Amino acid sequence: MPATSTTFADDRPRGKSGKVTIPMAPPPGYPPKHDAPPATAPRDEGDNDQLKVTMAEYCAWYEYLLNPHEHQGPARWQIEDTRTGSSEQEVNNRTTDKSTESHPFETWTLTSVLDGVDPRAIYNAPLVLARSSPDVIESVYNGFTNGYLVSGGGATSTDREAGRTSDTEYEMLLPLITDFMEMRKGWVEPGNDKAHDWEKAWARFAVGNENVFLALAEGLVAYRASYLESRRALDETVKGLVESFQKKHEAPDGSSVSGFVWKVVAVASAGAVAGKLVPGWGQVVSLTLAAAVAGATEYAKRSVPADTQEVQDPGRWADFVMAADQAVRTQMQQFAQAVDGIRESMDTRIAAIRDGHLMDPPERDESIKDMPPTRREIVPAHLNDGVTRWLDTKVADLTGNCTVYQSAVDAMASADWATPSGVFPEVAAARERFASRVRELGQEAVTKQRTAVERLRQYGDDLRWVANNAAANEEANLQIVNNLLADVQAI
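This one's a predicted model, so the numbers in the text were calculated from it and none came from an experiment. (Residues numbered from 1 in each chain as written. Predicted model: local features only at pLDDT ≥ 70, side-chain atom pairs only at ≥ 80, totals over all residues. Heavy atoms only, no water.)

(A) Inspection of the overall build of the protein at higher detail. Secondary structure summary: the protein contains twelve helices and seven strands in total. Long-range pairs, those at least 24 residues apart, make up 80% of the contacts in the protein with a sequence separation of at least 6. A total of about 22900 Å² of accessible surface is found on the protein, and carbon and sulfur atoms cover 51% of it. (Helix = DSSP H or I, 4+ residues; strand = E, 2+ residues; numbered from the N terminus. Contact = heavy atoms within 4.5 Å. Areas by Shrake-Rupley, 256 points an atom, 1.4 Å probe, with all protein chains shown as cover.)

(B) The pairing of strand E4 (residues 85-91), seen in detail. By the bridge criterion, seven bridges tie strand E3 (residues 75-81) to E4 in an arrangement that is antiparallel. Across the sheet, Ala 75 pairs through a bridge with Val 91, a residue of E4. Adjacent in sequence and paired antiparallel, E3 and E4 are bridged by three residues. (Pairing = 2+ DSSP bridges.)

(C) Structural detail: the pattern of salt bridges. One pass over the structure, following the stated rule, counts 25 salt bridges. The partner of Arg 457 in a salt bridge is Glu 454, with the nearest N and O atoms 2.5 Å apart. Of the two residues, Arg 457 and Glu 454 are both situated in helix H12 (residues 425-490); the distance of three residues between them amounts to about one turn of the helix. Between Arg 464 and Asp 461 there is a salt bridge, and its shortest N-O distance comes to 3.9 Å. Highlighted residues: Arg 464 and Asp 461, both in helix H12, separated by three residues, approximately one helical turn. Exposure remark for Asp 461: the relative accessible area of 34% places this residue in the partly exposed category. Through salt bridges with shared partners, a single ionic network connects Asp 392, Glu 454, Arg 457, Asp 461 and Arg 464. (Salt bridge = Lys/Arg side-chain N within 4 Å of Asp/Glu carboxyl O. Buried < 20%, exposed > 50% of the residue type's maximum accessible area, 1.4 Å probe, protein only.)

(D) A look at the packing of helix H2 (residues 120-130) against helix H6 (residues 190-250). The contact between H2 and H6 brings their axes to 11 Å, and the two run at 160°. Compared by their axis directions, H2 and H6 come out roughly antiparallel. Both H2 and H6 take part in a crossing whose hand is left-handed. Between H2 and H6, the contacting residues are Ile 122, Ala 125, Pro 126, Leu 129 and Ala 130 on the first element and Tyr 227, Ser 230, Arg 231, Leu 234, Val 238 and Leu 241 on the second. Across the contact of H2 with H6, the residue classes break down as nine nonpolar, one polar and one charged. (Axes fitted to C-alpha atoms, helices over the stretch in contact; angles between N-to-C directions. Parallel < 35°, antiparallel > 145°, perpendicular 65-115°, else oblique. Left-handed = near helix turned anticlockwise from the far one by under 90°. Nonpolar A, V, L, I, M, F, W, Y, C, P; charged D, E, K, R; others polar.)

(E) Fine view of the sheet that holds E4. A sheet is described by the order of its strands in space; here three strands give the open sequence E4-E3-E5, paired in antiparallel fashion. Edge positions in the open sheet fall to E4 and strand E5 (106-111), since each of these has one partner strand only. The sheet shows a mean angle of 20° between the axes of neighbouring strands, direction not considered. Bridge count for E3 against E5 is six bridges, and the pairing is antiparallel. Each residue of the ladder has a partner; that of Arg 76, found in E5, is Thr 111.

(F) Here's a closer look at the environment of Pro 362. As for its placement among the helices and strands, Pro 362 is situated in the loop between helix H10 (317-356) and helix H11 (380-414). Spatially, the C-alpha atoms of Pro 362 and Ala 206 are 9.9 Å apart, while their sequence positions differ by 156 residues. Setting aside chain neighbours within four positions, we find Pro 362 in contact with Trp 198, Ala 201, Trp 202, Phe 205 and Arg 455.

(G) How the structure looks around the packing of aromatic side chains. Counted by the stated rule, this structure contains twelve aromatic pairs. Relative to Tyr 62, the ring of Tyr 58 lies with its centre 5.7 Å away and its plane at 35°, an arrangement referred to as tilted. With Tyr 58 and Tyr 62 both in helix H1 (residues 51-66) and four residues apart, this pair spans about one turn of that helix. Classification of Tyr 62 as buried rests on a relative accessible area of 18%. Their ring planes at 35° and their centres at 5.8 Å tell us that Trp 61 and Phe 245 sit as a pair that is tilted. Note that Trp 61 is positioned in helix H1 and Phe 245 in helix H6, a separation of 184 residues in sequence. Connected via pairs of aromatic rings, a cluster forms that spans Trp 61, Tyr 64, Phe 245 and Trp 317. Sitting above the plane of the Trp 108 ring, Lys 98 keeps its charged end 5.4 Å from the centroid. The ring of Trp 465 carries Lys 369 above its face, with NZ or CZ at 5.0 Å from the centroid. (Phe/Tyr/Trp six-rings, centres within 6.5 Å; stacked < 30°, edge-to-face > 60°. Lys NZ or Arg CZ within 6 Å of the ring centre and 35° of its normal.)

(H) Focus on H2. Within H2, eight of the eleven residues are buried, which leaves it mostly tucked inside the rest of the structure. All buried positions along H2 are accounted for by Ala 121, Ile 122, Ala 125, Pro 126, Leu 127, Val 128, Leu 129 and Ala 130.

(I) Representation of the side chain of Arg 354 within the structure. For Arg 354, the location among the structural elements is in helix H10. Although Arg 354 lies buried, it forms no salt bridge, and the closest oppositely charged side chain, Glu 444, sits 4.4 Å away as judged by the N-O distance. With near-sequence residues (within four places) excluded, Arg 354 lies in contact with Phe 205, Asn 209, Val 212, Met 359, Glu 444, Ala 445 and Lys 448. (Lys, Arg positive; Asp, Glu negative; His and termini not counted.)

(J) Local environment of the environment of Ser 133. Relative to the assigned elements, Ser 133 resides in the loop between H2 and helix H3 (137-144). As a C-alpha pair, Ser 133 and Trp 417 span 284 residues in sequence and 8.3 Å in three-dimensional space.

(K) Molecular detail of the packing of helix H5 (residues 173-183) against H6. At their nearest, the axes of H5 and H6 sit 11 Å apart, and the two run at 155° to each other. In terms of axis orientation, H5 runs roughly antiparallel to H6. Between H5 and H6 the crossing geometry is right-handed. Together, Leu 173, Leu 176, Ile 177, Phe 180 and Met 183 of H5 and Glu 199, Trp 202, Ala 203 and Val 207 of H6 make up the contact between the two elements. Within the contact of H5 with H6, the residues separate by chemical class into eight nonpolar, no polar and one charged.

(L) Molecular detail of the nonpolar core. The biggest cluster of nonpolar side chains holds 68 residues, and the ones touching the most others in it are Tyr 58, Phe 144, Phe 245, Phe 424 and Phe 434. Within the residue set of this core, elements represented by two or more residues are H1, H2, H3, H6, H10, H11 and H12. Top contributing element to this core by residue count: H6, with 16 residues. Contacts of Phe 434, omitting those with residues within four sequence positions, involve Gly 219, Leu 220, Tyr 223, Val 339, Ile 342, Arg 343, Met 346, Met 412 and Trp 417. With 34 residues, the next largest nonpolar core counts Leu 149, Ala 206, Leu 383 and Val 453 among its residues. (Core = buried A, V, L, I, M, F, W, Y, C linked by side-chain atoms within 4.5 Å.)

Structure (structure tokens):
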């Protein structure tokens with residue numbers, strides 16, 4: 001039997017090892033004669049994804065075993081004996097055609113060794129998984145991680161340098177507060193303290209709300225990692241089935257594969273991993289690392305010990321298929337449970353964020369406009385120019401961020417997360433619950449963000465009102481003084 005992989009010195013696509021992987025050939029003397037089922041072409045997840053290769057091998061074997069009339073290999077003879085009743089006999093190699101021989105009292109009918117087997121799980125699992133990772137995930141992830149305060153998307157080079165050398169964990173938070181203080185420079189009356197308090201409350205909410213988007217992005221990474229882990233587990237299961245086919249095919253006619261124990265490759269508990277992929281708020285894991293996360297980090301640390309299922313009759317071909325079919329069903333149930341776990345962990349994560357920050361953006365504080373009518377305790381021109389220079393630019397950048405966030409939520413809503421599956425309805429349901437929750441939480445955060453940005457804009461209008469009225473008061477006071485001077489001169 002040829003090996004499952006060979007190294008060639010050519011330019012064909014290669015995996016990370018540099019080897020070119022080719023599908024295992026069907027048994028000798030049996031070229032494929034039928035169209036390959038769609039299960040041989042699941043979604044491509046990169047050059048290290050072996051599921052396509054494995055499914056092609058499985059489908060070649062399945063086609064071979066299902067059509068005993070086209071070769072002299074494995075088959076099952078159904079025997080009807082007028083004296084003893086029905087019986088059957090499986091053989092690996094046929095040298096004669098029993099159906100044409102004369103058997104007193106017996107009728108021999110050639111059938112497949114897989115007759116009576118319905119391996120819908122193996123056939124459908126790759127297709128269901130392929131539909132479980134919509135193409136929008138990457139764009140949604142990028143949208144949710146496009147933060148301004150947390151990830152510093154709108155920071156200047158000076159801002160970033162200040163963020164790196166400051167005590168704050170958020171790249172833009174210190175420059176933001178510093179800019180606002182510079183904007184109010186020269187304002188020393190009580191309204192200034194109230195303005196400072198409002199800015200702190202606003203920043204506290206805004207940072208928390210951006211962390212909600214990061215938590216949603218984190219959930220997408222966990223989902224993606226669980227999806228890739230499920231593909232890996234499926235690949236291992238089907239690969240084990242193909243290897244069992246090969247060993248059985250090479251065994252002497254009528255013998256069994258002794259000591260066979262079917263190992264179910266368990267899917268790691270993604271729910272336990274969600275919330276641990278990002279080491280800290282403001283440090284975002286790239287979506288491209290999801291495969292590594294699935295194979296080498298938290299998933300590997302939290303892997304579930306493999307269950308085992310002993311095949312009742314290791315001498316029958318069908319037993320291998322039925323054991324693998326059951327293993328695949330178990331894995332798909334685990335995938336659905338993992339997706340639900342990610343959703344629940346995401347909810348917990350966001351609740352903790354909301355608890356540690358303001359739940360809603362602060363209301364306008366109109367009292368900052370209460371100014372002493374006769375005292376000059378503000379530099380009107382500086383405050384007015386500062387609003388234009390610092391606050392207005394923040395409002396513009398944050399408004400752009402709201403548009404990006406909304407686009408991410410809309411993209412999430414545009415994808416088909418509930419493609420029905422008659423074989424694995426639990427997977428379709430878990431996917432839809434996850435996607436719906438991400439959309440709900442994302443839209444809620446976008447709405448809050450828009451309100452916060454609008455209130456920041458109104459805050460700027462209030463500061464302009466203060467500056468303009470201070471200037472008017474100053475001008476009026478100056479006029480009074482000039483009038484007094486004129487009166488004195490007249491006297």
